[in-house]
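Single-letter residue listing:
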Amino acid sequence: MIWALVLCGALWGLGSVMRAPAWQRWAVIGPVWGAAFFWFGVPGDLTSDNARVWALATLIGVVWLGYRAALTRLRAKAQPAPAPAAKPAPGAFAPEELERYARHILLREIGGPGQKAMKTARVLVIGAGGLGSPSLLYLAAAGVGTIGVVDDDVVDTSNLQRQVIHRSDAVGRPKVASAAEAMAALNPFVTVVQHRQRFDESCAGLLADYDLILDGSDNFDTRYLVNRLAAKAGKPLISAAITQWEGQISLYDPAHGTPCYECIFPHRPAPGMVPTCAEAGVAAPLPGIVGSMMAMEAVKHLTGAGEGLRGRLMIYDALYGEARVITLKRREECAVCGGGHAA
């Protein structure tokens, strides 16, 4: 019997070293003890002294294990139920958020007040494509509280070269759903509102729900429409565009004295003069660069940090690594906001 006890003890110790759960260790030791009991304890005579000793040892072990199991259950029932985690008050930060946004809070231009302003902000992004992808990811990472996404398209394999918010397994899925999933995975503390629709006149009422509009659309009809509806609603608009190796971005806010998009581009270019990315191509990192600029301008606008691109147009040439900024002036005869600018 001694050798059986030693063997069982060694198996228990080995399981402890390997960090095996107790039930797994008993599952190994039980058959070993049982085999020893029937092989050596009762080899033909169930009434022998040897058999009685083995039976007594086995009974003591079973009673002891039953006592431990019952005691464990009683202790578990006696433990008070954990108190539910208190939800932070509206606008307040959960402890994990404070750690998540620590690098922002350290910036004196943002700090706690700026981060809180982003948490309570509502930003609408039009387009979940090349420009929208980095914009949406960085807005979510930065902690913008509510982010709306407008897009009626589905993910295509050709998008994956530059639309970094989407993954290969999202091909065929709506872009708004794919984008929302990626943003939620990045930051579960933001709310993503999906608007699976093409941006048209019916979206005029949608703008009223948001504080800031980002336009990453890829056609002039949508850009002019977004500009007109944003100006009418008095909403600031960050609009950007890219083609091949070049991008441009500005913040249009005629309600606060700046030109609107149509002030600067009063006429649509002639057909074929400005080809789309699908027609002329685009360098993969370019929408990432310009889309990130859109998110940066949004953060600055929402927190009041630094000097934004209000009334200025930045043009970025990726092929030659050059950037230039042009001061913009309003047009009193503008069809969208003429005569409506602040003095």
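Since this is a predicted model, take the numbers as computed values, not measurements.

> Run through unusual backbone geometry, naming residues and quoting values.
A positive phi is found at Gln-244, a non-glycine position, where the angle reads about 55°. A residue is classified by how much of its surface remains accessible, and Gln-244, at 37% relative accessible area, is partly exposed.

> Requested: an account of the packing of aromatic side chains, with residues and values cited.
Following the criterion strictly, the structure yields four aromatic pairs and no others. A centroid spacing of 5.7 Å and a plane angle of 85° characterise the contact between Tyr-252 and Tyr-261, whose relative ring orientation is edge-to-face. Residue classification places Tyr-261 among the buried positions, given a relative accessible area of 4%. Positioned above the aromatic ring of Tyr-210 is the side chain of Arg-122, whose terminal nitrogen or guanidinium carbon lies 5.1 Å from the ring centre. When the ring centre of Phe-220 is taken as origin, the NZ or CZ atom of Arg-223, which lies over that ring, is 4.9 Å away.

> Which residues make up helix α8 (residues 175-186), and what values go with them?
If you check α8, its first and last C-alpha atoms are 16 Å apart, about what twelve residues at 1.5 Å a residue would give, namely 16 Å. Within α8, the full set of buried residues consists of Lys-175, Val-176, Ala-177, Ser-178, Ala-179, Ala-180 and Met-183. Buried residues in α8 make contact with α7 (132-142), β2 (146-150) and β3 (191-195).

> Talk me through the packing of α7 against α8; I want residue IDs and the actual numbers.
Running from amino to carboxyl end, α7 crosses α8 at an angle of 30°, the nearest separation of the two axes being 9 Å. Judged by the angle between their axes, α7 and α8 are roughly parallel. For the pair α7 and α8, the crossing hand works out as right-handed. Taken together, the residues of α8 that come into contact with α7 (itself represented by Leu-136, Leu-137, Ala-140 and Ala-141) are Ala-179, Ala-182, Met-183 and Leu-186.

> Explain the environment of Asn-159 residue by residue, including any values.
Along the polypeptide, Asn-159 turns up in the loop between β2 and α8. In this structure the C-alpha to C-alpha distance between Asn-159 and Ala-284, which are 125 residues apart in sequence, comes to 9.9 Å. Beyond its immediate stretch of four places on either side in the chain, Asn-159 contacts Val-154 and Lys-175.

> Tell me about helix α6 (residues 111-119), residues and numbers included.
An α-helix turns once per 3.6 residues; consequently, residues spaced three or four apart project the same way. Residues Gly-111, Gly-114, Gln-115, Met-118 and Lys-119 constitute the buried set of α6. The buried side chains of α6 occupy one side of the element, clustering within an arc of 145° when seen end-on. On its buried side, α6 packs onto α4 (95-100), α5 (102-105), α7 and α12 (285-303).

> Give me the lowdown on the pairing of β3, citing residues and values where you can.
Of the pairings in the sheet, the one linking β2 to β3 comprises five bridges and is parallel in character. By the bridge assignment for β3, Gly-148 is matched with Val-193. Between the parallel pair β2 and β3, the chain is carried across by α8, and the sense of this crossover is right-handed.

> Pulling in residues and values, what's your account of the side chain of Thr-222?
Among the secondary structure elements, Thr-222 is positioned in helix α9 (residues 220-233). Those residues in contact with Thr-222, other than ones at most four positions away along the chain, are Ile-126, Arg-198, Phe-199, Asp-215 and Ser-217.

> Can you lay out the sheet that holds strand β5 (residues 237-243) for me, pointing to particular residues and giving the numbers?
One open sheet holds the eight strands; their spatial order is β3-β2-β1-β4-β5-β6-β7-β8, and the pairing between them is mixed. Strands with a single pairing partner mark the edges of an open sheet, and in this sheet they are β3 and β8 (322-327). Between one strand axis and the next, the sheet turns through 15° on average, direction left out of account. Alignment of strand β4 (residues 212-215) against β5, held across three bridges, turns out to be parallel. Within the sheet, the bridge partner assigned to Asp-215 lies in β5 and is Ser-239. Packing of α9 onto the sheet brings it into contact with β1 (122-126), β4 and β5, and relative to β5 it is tilted by some 170°.

> Can you explain the side chain of Ser-239? Please cite residues and give values.
Along the chain, Ser-239 turns up in strand β5. For Ser-239, the contacting residues outside a window of four places in its chain are Asp-215, Gln-248, Ile-249, Ser-250, Tyr-252 and Tyr-261.

> A description of the state of the cysteines should follow, citing residues and the corresponding values.
As enumerated under the stated definition, the model contains zero disulfides in all. Cys-260 takes part in no disulfide bond, and the closest cysteine sulfur to it belongs to Cys-337, at a distance of 3.4 Å. Looking at Cys-260, the relative accessible area reads 0%, which means it is buried. Here Cys-263 is not disulfide-linked; the sulfur of Cys-337 is the nearest cysteine sulfur, at 3.4 Å.

Conventions adopted
Residues numbered from 1 in each chain as written. Predicted model: local features only at pLDDT ≥ 70, side-chain atom pairs only at ≥ 80, totals over all residues. Heavy atoms only, no water. Buried < 20%, exposed > 50% of the residue type's maximum accessible area, 1.4 Å probe, protein only. Phe/Tyr/Trp six-rings, centres within 6.5 Å; stacked < 30°, edge-to-face > 60°. Lys NZ or Arg CZ within 6 Å of the ring centre and 35° of its normal. Helix = DSSP H or I, 4+ residues; strand = E, 2+ residues; numbered from the N terminus. Expected span 1.5 Å × (residues − 1). Contact = heavy atoms within 4.5 Å. Axes fitted to C-alpha atoms, helices over the stretch in contact; angles between N-to-C directions. Parallel < 35°, antiparallel > 145°, perpendicular 65-115°, else oblique. Left-handed = near helix turned anticlockwise from the far one by under 90°. Arc of directions from axis to C-beta. Pairing = 2+ DSSP bridges. Right-handed = clockwise from strand over helix to strand, strands pointing away. Disulfide = S-S within 2.5 Å.

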